[in-house]
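Listed below, chain by chain, are the residues.
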Amino acid sequence: MVASTSEQLTALAGTTVVVHPLVLLSVTDHHARTVSRTSSKRVVGVLLGQDNGKTVNVANSFGIPFEEDERDSKTWFLDHNYIEGMYDMFRKVNAKERMIGWYHTGPKLRASDQEINDLFKRYIAKPVMVIVDVRPQAVGIPTDAYFAVEEIKDDGTETRKTFLHVPSAIEAEEAEEIGVEHLLRDIKDSTTTTLSTRVSEQLASLQGLQSRLRDVHKYLLDVAAGTMPVNHQIIYHLQDALNLLPDLSNPVTTQSFASSTNDQLLVVYLSSLLRAVIALHALVDNKATIGRAEQEEGMDDKDKDKKTANGDAKKSEDNKKDGEKGKDLSKKDADKGL
């Protein structure tokens, strides 16, 4: 049975890696500029920030030249001089940001990660490794943080180096929140309504919850089948989560859920009824407006026809008078001739 050293577990048990949005944007930009869409290559970079003991604050990062053989993961190249030069320049800009670890775009652990982590131990005693998934397939936090630890076996054989997963979170300062809001304002469709946006966000949250429940279900099946060792810390967390669930066998709880659901459905029903009444009222008003407009147009047409008829009658009278005048003139001319 494999066990981790108690000293390392005690030191790293409560450690949380906080990643800022600026780091995520920098890693995504580094990957987009370096790797094509169809390629599965990864990029590697350095993480800058502060190590406060229980919290590792990852505030900045920069990419480094990295190449590896896709067929042989043990063959890779990383430029040490570039790391030292870039870190010196970043330190001149902000002396508070120190080298705290490195990142790559995995999206999973690889065989050469331990060797690369040993290389970064030249600059920092306890480097943190953060895997950033730039092409996430599921909804959730796209970061996974690890620390390198040594494992010893109960039979006294040689120790083995491995990675210990620690929790990670996404946090932002006020300036970063403003920048992220401006970016989301350009990405989101402004024509969509608030209701549709809320529904889509809730759907995405439920899909993320479903994927995590599937992972928990698969883990428990593997533990029951004996293909995966029991992790008591995970079992304790699952037990705490299950203890928070309500007791549906209690009639009081069932009645309260039913009352809450009925109240919500009543609001939905009244809203639909009110919307239908408003739509019918608008339809009636529209019909009345169209009717008044048609009636006014009919009256205008009648007035035009009446005016046209009066004009024709007047013209005929004028023509008749002109004809009578012409007859009188011709008669006078005839009398003069006689």
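In short, a report on the structure. A quick note: this is a predicted structure, and the numbers were derived from the prediction, not measured.

**With respect to the overall build of the protein**
Tallying secondary structure elements over the protein gives 8 helices and 11 strands in all. Looking at the 338 residues of the protein, the share that counts as buried comes to 22%. For the protein, restricting intrachain contacts to residue pairs at least 6 apart in sequence, the fraction spanning at least 24 positions comes to 64%. A total of about 24500 Å² of accessible surface is found on the protein, and carbon and sulfur atoms cover 57% of it.

**A short note on the packing of aromatic side chains**
For the structure on display, the rule yields 4 aromatic pairs. On the basis of an interplanar angle of 5° and a centroid distance of 5.7 Å, the ring pair of W102 and F120 is categorised as stacked. Of the two residues, W102 sits in strand β7 (residues 98-104) while F120 sits in helix α4 (residues 113-120), which places them 18 residues apart along the sequence. Note on accessibility: W102 and F120 belong to one class, buried. Members of the aromatic cluster, each reached through a chain of ring pairs, are W102, F120 and Y123. One residue, K126, lies across the ring of F147, its end atom 5.4 Å from the ring centre.

**Considerations on helix α3 (residues 80-93)**
Compared with the 20 Å implied by 1.5 Å per residue over 14 residues, the 21 Å span of α3 between its first and last C-alpha is a close match. Every buried residue belonging to α3 is among I83, M86 and Y87, and all of these are buried. In an axial view of α3, the angular spread of the buried residues amounts to 105°, which keeps them on one side of the axis. With respect to the buried face of α3, the exposed residues turned more than 90 degrees away are N81 and K92. N-capping of α3 is provided by D79, with a side-chain oxygen placed 3.2 Å from the backbone N of N81.

**Describing the packing of helix α6 (residues 194-225) against helix α7 (residues 232-243)**
At a minimum axis separation of 12 Å, α6 and α7 run at an interaxial angle of 130°. Classified by the angle their axes make, α6 and α7 are oblique. Seen along the crossing, α6 lies across α7 with a hand that is left-handed. From α6, V216, Y219 and L220 reach across to α7, where they touch I234, I235 and L238. Residue classes in the contact of α6 with α7 are distributed as 6 nonpolar, no polar and no charged.

**Focus: a nonpolar patch on the surface**
Judged by side-chain polarity, L266, Y269, L270, L273 and V277 come together as a nonpolar surface patch covering roughly 500 Å² of accessible area. Within the secondary structure, L273 is located in helix α8 (residues 251-337). Of the residues examined, L273 reaches a relative accessible area of 45% and is grouped as partly exposed.

**What about the pattern of salt bridges?**
When the charged atoms of two side chains with opposite charge come close together, those side chains can pair. Summed over the entire model, instances satisfying the criterion amount to 10 salt bridges. Between R71 and D69 there is a salt bridge whose closest N-O contact spans 3.9 Å. Two residues, D118 and K161, come together in a salt bridge whose shortest N-O distance is 3.7 Å. A residue pair is termed long-range when its members are at least 10 positions apart, and D118 in helix α4 and K161 in strand β10 (residues 160-166) qualify at 43 residues. Overall, D118 belongs to the partly exposed group, its relative accessible area being 28%. A relative accessible area of 41% places K161 in the partly exposed class. Sharing partners across several salt bridges, the network here consists of R42, E68, R110 and D113.

**Section: α6**
With 32 residues, α6 ought to run about 46 Å at 1.5 Å a step, and its terminal C-alpha atoms sit 47 Å apart, in line with that. For α6, the complete set of buried residues consists of G208, Y219, D222 and V223. Buried-residue contacts for α6 involve α7.

**Re the environment of D51**
For D51, the location among the structural elements is in strand β3 (residues 44-51). On the accessibility criterion, D51 (40% relative accessible area) is partly exposed. Along the chain, D51 and I100 lie 49 residues apart, while their C-alpha atoms are 6.8 Å from each other. In this view, D51 contacts V56, I100 and K126; residues no more than four positions away in its chain are not counted.

**Section: a negative patch on the surface**
On the surface, E294, E296, E297 and D300 cluster together into a negatively charged patch. Topologically, E297 is positioned in helix α8.

Rules of the game
- Residues numbered from 1 in each chain as written.
- Predicted model: local features only at pLDDT ≥ 70, side-chain atom pairs only at ≥ 80, totals over all residues.
- Heavy atoms only, no water.
- Helix = DSSP H or I, 4+ residues; strand = E, 2+ residues; numbered from the N terminus.
- Buried < 20%, exposed > 50% of the residue type's maximum accessible area, 1.4 Å probe, protein only.
- Contact = heavy atoms within 4.5 Å.
- Areas by Shrake-Rupley, 256 points an atom, 1.4 Å probe, with all protein chains shown as cover.
- Phe/Tyr/Trp six-rings, centres within 6.5 Å; stacked < 30°, edge-to-face > 60°.
- Lys NZ or Arg CZ within 6 Å of the ring centre and 35° of its normal.
- Expected span 1.5 Å × (residues − 1).
- Arc of directions from axis to C-beta.
- Polar contact = N/O pair within 3.5 Å; in protein donor to acceptor, adjacent residues only side chain to side chain.
- Axes fitted to C-alpha atoms, helices over the stretch in contact; angles between N-to-C directions.
- Parallel < 35°, antiparallel > 145°, perpendicular 65-115°, else oblique.
- Left-handed = near helix turned anticlockwise from the far one by under 90°.
- Nonpolar A, V, L, I, M, F, W, Y, C, P; charged D, E, K, R; others polar.
- Patch = residues over 30% accessible without salt bridge, like charges linked within 9 Å, V, L, I, M, F, W, Y side chains within 5 Å.
- Salt bridge = Lys/Arg side-chain N within 4 Å of Asp/Glu carboxyl O.
- Lys, Arg positive; Asp, Glu negative; His and termini not counted.
- Charge placed at Lys NZ, Arg CZ, Asp CG, Glu CD.

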